[in-house]
2 protein chains.
Amino acid sequence: MTATATTTDPTPRLADFTATGASTGQLSTAVEARHFSFVVAEPESLGGTDEGANPIEYLLGSLNGCVTVVIETVATELGITVEGVRTDATGTIDLRGFAGTADVSPHFQQVTLTVTLATAAAEDELAELRARVLRRCPVFNLIRDAGVDIRETWDVRRPS
Amino acid sequence: MTATATTTDPTPRLADFTATGASTGQLSTAVEARHFSFVVAEPESLGGTDEGANPIEYLLGSLNGCVTVVIETVATELGITVEGVRTDATGTIDLRGFAGTADVSPHFQQVTLTVTLATAAAEDELAELRARVLRRCPVFNLIRDAGVDIRETWDVRRPS
């Protein structure tokens, strides 16, 4: 293992992140975050204009991006090389929660996450990579801490 | 009140939402969801290329979009008019969780959400709007269910 012992840092490292939204009508929102902007909308099937991905799709994309960042960060820590990181996230929602027609959670009944990557790292390094990613990824942990049944699968390709 | 009694719908209305991500190197992820695409990246201060908003910013934008959708949906149900819906979301993260340098949650220590809108609706209608939004917004409930201290403030402008 190339992992180094971690010394607990006693000093909080608090960072604020901000996004603002302005309704542009018919279930669409123009979002700004720092110097970036994107449109959150709903498909026509849900009454919107389909001008952009919907809130749940952005959240799943956030999960994909977050998992990727943490994989690459931890791989560097461990001194291993990972290539071709892909993430596929699907969330299942019972729309009765959003619609207010039944007493069910409005968010995920289940989330499946498939991580695909290629690496020549040893099995124990790979196990450590996975453990650290699941412990340290902010968005993954948010979904898990909300009590969501989140099923992750790792599809690791080995050099032939 | 213009609210109508709700009949509980016994039939689940399950819907799947999907986003896929492909690493493009240096902590950036190209995300696709249906026919939409967006780039999730990290700022240079966090080691990235700053090609797009970061995962936490997309998540907060998802919250903004989701709250807006539910406000507009519920306003229609209640037969009230709301205008100029704005949402400001800020999340505070202790970066030691992501960095793995202390045993703290990698996600939010706190989220503040400010909702600004204009309406001439009666006070009881406004209270009902707020209650339904907080009960039915998927992303708001995901964050709350994760045990996050989420503080929401409504700044309602009245016709003069």
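No experiment lies behind these values; they were computed from the predicted model shown. (Residues numbered from 1 in each chain as written. Chains lettered and ligands numbered in written order. Predicted model: local features only at pLDDT ≥ 70, side-chain atom pairs only at ≥ 80, totals over all residues. Heavy atoms only, no water.)

Asker: Mind showing me how you'd approach the overall build of chain A here?
Answerer: When helices and strands are counted, chain A shows 4 helices and 6 strands. For chain A, the succession of helices and strands along the chain, N to C, is β-β-β-α-β-α-β-α-α-β. Projecting the C-alpha coordinates of chain A onto the three principal axes gives extents of approximately 55 × 35 × 30 Å. Residue burial in chain A is summarised as follows: out of 160 residues, 52% are buried. (Helix = DSSP H or I, 4+ residues; strand = E, 2+ residues; numbered from the N terminus. Buried < 20%, exposed > 50% of the residue type's maximum accessible area, 1.4 Å probe, protein only.)

Asker: Whenever I open this one, the sheet that holds strand S5 (residues 108–119) of chain A confuses me. Can you help?
Answerer: Strand pairing in a sheet is mediated by backbone hydrogen bonds. Such pairs are either parallel or antiparallel. Strand order across the open sheet formed by 6 strands is S6(A)-S5(A)-S4(A)-S1(B)-S2(B)-S3(B), with mixed pairing between neighbours. Where the open sheet ends on each side, the last strands, each with one partner, are strand S6 (149–157) of chain A together with strand S3 (36–40) of chain B. Across the sheet, the axes of successive neighbouring strands diverge by a mean angle of 20°, strand direction being ignored. By the bridge criterion, 10 bridges tie strand S4 (residues 82–94) of chain A to S5(A) in an arrangement that is antiparallel. Within S5(A), the position partnered with A:Thr92 by the bridge is A:Gln110. (Pairing = 2+ DSSP bridges. Axes fitted to C-alpha atoms, helices over the stretch in contact; angles between N-to-C directions.)

Asker: Would you explain the packing of aromatic side chains in this entry?
Answerer: Here a ring pair, both rings aromatic, is described through the centre-centre distance and the interplanar angle of the planes. Residue and element names in this part refer to chain A. Counting across every chain of the model gives 5 aromatic pairs over all chains. Here the aromatic rings of Phe-38 and Tyr-58 are separated by 5.0 Å at their centres, their planes lie at 45°, and the arrangement is tilted. With a gap of 20 residues between them, Phe-38 in strand S3 (residues 36–40) and Tyr-58 in helix H1 (residues 55–78) connect regions that are remote in the sequence. Since its relative accessible area comes to 8%, Phe-38 is described here as buried. What makes Tyr-58 buried here is its relative accessible area of 4%. (Phe/Tyr/Trp six-rings, centres within 6.5 Å; stacked < 30°, edge-to-face > 60°.)

Asker: What's the story with the interface of chain A and chain B in this structure? I'm lost.
Answerer: By a frequent convention, interface size equals the accessible area lost on bringing the separate parts together. The interface of chain A with chain B comprises 89 residues on the first partner and 89 residues on the second. Summed over both partners, the interface of chain A with chain B buries about 7200 Å², with 61% contributed by carbon and sulfur atoms. Of all residues in chain A, A:Phe17, A:Phe98 and A:Leu142 bury the most surface against chain B, accounting for 11% of the area lost on that side. In this structure, the salt-bridge partner of A:Arg34 is B:Asp50, at a minimum N-O distance of 2.8 Å. The interface formed by chain A and chain B includes 47 residue pairs in polar contact (both at pLDDT 80 or more). It is H1(A) that contributes the most residues to the side of chain A that touches chain B, 17 residues altogether. Broken down by class, the residue content of the side of chain A that touches chain B amounts to 40 nonpolar, 32 polar and 17 charged. (Contact = heavy atoms within 4.5 Å. Buried area = accessible area lost by both parts, 1.4 Å probe. Salt bridge = Lys/Arg side-chain N within 4 Å of Asp/Glu carboxyl O. Polar contact = N/O pair within 3.5 Å; in protein donor to acceptor, adjacent residues only side chain to side chain. Nonpolar A, V, L, I, M, F, W, Y, C, P; charged D, E, K, R; others polar.)

Asker: Would you mind showing me how to read the sheet that holds strand S4 (residues 82–94) of chain B here?
Answerer: Strand order in the open sheet formed by 6 strands is S3(A)-S2(A)-S1(A)-S4(B)-S5(B)-S6(B), and the pairing between neighbours is mixed. The open sheet terminates on both sides in strands that have one partner only, identified here as S3 of chain A together with strand S6 (149–157) of chain B. Ignoring which end each strand starts from, the neighbouring axes of this sheet average 20° apart. Taken strand by strand, helix H4 (residues 138–145) of chain B contacts strand S5 (108–119) and S6 of chain B, and its axis lies near 145° from that of S6(B).

Asker: Please explain the nonpolar core as it appears in this structure.
Answerer: Nonpolar side chains tend to gather and get buried jointly when the protein is soluble and globular. The biggest cluster of nonpolar side chains holds 92 residues, and the ones touching the most others in it are A:Leu129 and B:Leu129. Not counting residues up to four positions away in its chain, the partners in contact with B:Leu129 are B:Ile71, B:Val74, B:Ala75, B:Leu78, B:Ile80, B:Val82, B:Leu117 and B:Trp154. (Core = buried A, V, L, I, M, F, W, Y, C linked by side-chain atoms within 4.5 Å.)

Asker: Looking at this model, I keep getting lost on empty space enclosed by the protein. Mind explaining?
Answerer: By rolling a water-sized probe across the atoms, one finds the places where empty space is left. Evaluation of the coordinates by the stated rule reveals 2 cavities of 30 Å³ or more. In this structure, the largest cavity encloses a volume near 150 Å³. Lining the largest cavity are A:Glu42, A:Leu46, A:Asn54, A:Pro55, A:Ile56, A:Ile93, A:Leu95, A:Phe98, B:Phe17, B:Cys66, B:Val69 and B:Pro138. Secondary structure elements with two or more residues in the lining of the largest cavity: H1 and helix H2 (95–99) of chain A together with helix H1 (55–78) of chain B. Its boundaries defined by the atoms lining it, the second largest cavity holds a volume of some 30 Å³. Lining of the second largest cavity is provided by A:Val67, A:Leu113, A:Val115, A:Val133, A:Leu134, A:Cys137, A:Phe140 and A:Trp154. The set of elements that each furnish at least two residues to the lining of the second largest cavity consists of S5 and helix H3 (123–136) of chain A. Considered class by class, the residues forming the lining of the second largest cavity number 8 nonpolar, no polar and no charged. (1 Å grid on protein atoms, 1.4 Å probe; cavity = no way out; pocket = protein on both sides within 12 Å on 5 of 7 lines; lining within 4 Å. Points joined across faces, edges and corners; volume = space filled by probe spheres on them.)

Asker: What is the right way to look at the side chain of B:His107 in this model?
Answerer: Structurally, B:His107 is set in the loop between helix H2 (95–99) and S5. For B:His107, a relative accessible area of 4% translates into the label buried. At 2.7 Å, the side chain of B:His107 and the side chain of A:Asp145 are in polar contact. Ignoring sequence-local partners within four residues, the contact set of B:His107 consists of A:Pro138, A:Asn141, A:Leu142, A:Asp145, B:Thr92, B:Ile93, B:Asp94, B:Ala146 and B:Val148.

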